Amino acid sequence: MNTQSLDMLIDLAQKARDNAGQLLAGERLTGQQLDAQLKLLTSYREEYQQGLQQTMGSGIDLNTLRDYQSFLDSLDTAIVQARRSLEQQQEQINASQRHWQQQQRQLSSYNTLSDRKLSQAFQKAQRQEQRQTDERNGNSFARAQLRQAATEQ
């Protein structure tokens, strides 16, 4: 694989990883919003239940009690639905997390491959430079030997 192709793959993998990260951040934000909504519903239900208890302490007619119970039942239904939504969102967050991790692993693999190619190219260049140095030194030594042999004759 040539360097340009590898660079293109790295660039695409970075974009895919970044997109997966943005999706994950959005999923987490939605999860936080759903959690806040659930907490608000639960808090509101507790307050309303306390209001019912106080009203019952001072006396309450049957129709008002039915209205309170009906509204509490509606809140209970909303709380159950909010919990389900939060659970489903957590599953979505987990799926997005796994997707982001997979994209990160792919990018890391391409970066490792790129690093290896660079290291191999560097080692090849070093070997070539060493050969050239050895050749120059060998040629210099041979010339020196020839000069010495020529002067001895």
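This text gives an overview of the structure that appears in the document. Just so we're clear, the structure is a prediction, and the values are computed from it rather than from any experiment.

### Structural notes on the pattern of salt bridges
- Taken as a whole and assessed by the stated rule, the structure comprises four salt bridges.
- Among the ionic pairs, Lys 15 bridges to Asp 11, the shortest N-O distance being 3.4 Å. A residue pair is termed a helical-turn pair when its members lie 3 or 4 positions apart in one helix, as Lys 15 and Asp 11 do in helix H1 (residues 3-58) at four residues.
- Take Lys 15: its relative accessible area is 46%, and that puts it in the partly exposed class.
- Look at Asp 11 and you get partly exposed, because its relative accessible area is 34%.
- Note that Arg 17 and Asp 18 form a salt bridge whose closest N and O atoms lie 3.0 Å from each other.

### A few points about the nonpolar core
- Counting residues in hydrophobic clusters, the biggest one holds ten residues: Leu 34, Leu 38, Leu 41, Leu 52, Tyr 68, Leu 72, Leu 75, Ile 79, Ala 82 and Leu 86.
- Contributions of two or more residues to this core are made by H1 and helix H2 (62-152).
- Element by element, the count of residues in this core is highest for H2, at six residues.
- Leave out the neighbours within four places in its chain, and Leu 86 touches Gly 31, Leu 34, Asp 35 and Leu 38.

Calculation criteria
- The numbering scheme is per chain: residues are counted from 1 as the chain's sequence reads.
- Only residues with pLDDT of at least 70 are given local features in this predicted model, and only at 80 or more are side-chain atom pairs given and counted; all residues enter the totals for whole chains, interfaces and linings.
- Water and hydrogen atoms play no part in the side-chain values, which are based on all heavy atoms of the structure.
- Within this document, salt bridges are pairs made up of a side-chain nitrogen of Lys or Arg and a carboxyl oxygen of Asp or Glu, the two lying within 4 Å of each other.
- The helix count covers DSSP runs of H or I at least four residues long, the strand count covers runs of E at least two residues long, and both are numbered beginning at the N terminus.
- Under the scheme applied here, a residue whose accessible area is under 20% of the maximum for its type counts as buried, over 50% as exposed, and between as partly exposed, the area being computed with a 1.4 Å probe on protein chains only.
- The criterion is simple. A nonpolar core is a set of buried Ala, Val, Leu, Ile, Met, Phe, Trp, Tyr and Cys residues joined through side-chain atoms within 4.5 Å.
- Residue contacts are defined here by distance: any two heavy atoms, one from each residue, within 4.5 Å place the two residues in contact.

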